[in-house]
Amino acid sequence: SSVVPPPAAAAAAVAVATAATATRPTSELEDENRKLREAVAQAEHRNVEMARRHEATEARLRMLEEENNRDYETMLIDLTDERGEITPAARNHTTSFGSLTSVASSPPVRRTPPRPATV
């Protein structure tokens, strides 16, 4: 629960604020108000631009995930047999990642990649 100041204290605070405002020229207050509005407009513009870039990045991420999943499936088809084990030919083959000989003792490769979690 918030503390509500007594009416006299609230009135005194308003009086002090009014007195401080009254000593400043109207043109100065208008200038300050204009600057604040410009700052808010710039912040809103930056937020809109960041949201646009975020959406574009998310779209690119989804596209890359789909491409990686397709490539993963293709690689599994090319390098494994029907039981999901790396084929002897694949063990002796050198890829851009190097030789597959080191994975000869690896457990069988799963045929279906796990689906990424959606947010």
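(A) Fine view of the overall build of the protein. A tally of helices and strands in the protein yields 3 helices and 2 strands. The helix and strand sequence of the protein, counted from the amino end, reads α-α-α-β-β. Contacts in the protein between residues far apart in sequence, at least 24 positions, make up 51% of those at least 6 positions apart.

(B) A look at the pattern of salt bridges. The full count for this structure, using the stated rule, is 7 salt bridges. Where R24 meets E28, a salt bridge forms, and the shortest distance between an N and an O atom there is 3.2 Å. Between R52 and E49 there is a salt bridge; the shortest N-O distance is 2.5 Å. In this pair, R52 and E49 both sit in helix α2 (residues 26-79), 3 residues apart, roughly one turn of the helix.

(C) Quick peek at the confidence of the model for the protein. When pLDDT is averaged along the protein, the result is 77, and 60% of the positions lie at 70 or above. α2 holds the highest mean pLDDT among the elements of the protein, 94, whereas strand β2 (residues 98-99) holds the lowest, 57. Predicted confidence for residues 102-109 stays below pLDDT 50, and this span has 10 contacts to residues more than four positions away or in other chains.

Rules behind the numbers
- Residues numbered from 1 in each chain as written.
- Predicted model: local features only at pLDDT ≥ 70, side-chain atom pairs only at ≥ 80, totals over all residues.
- Heavy atoms only, no water.
- Helix = DSSP H or I, 4+ residues; strand = E, 2+ residues; numbered from the N terminus.
- Contact = heavy atoms within 4.5 Å.
- Salt bridge = Lys/Arg side-chain N within 4 Å of Asp/Glu carboxyl O.
- pLDDT = per-residue confidence, 0-100.

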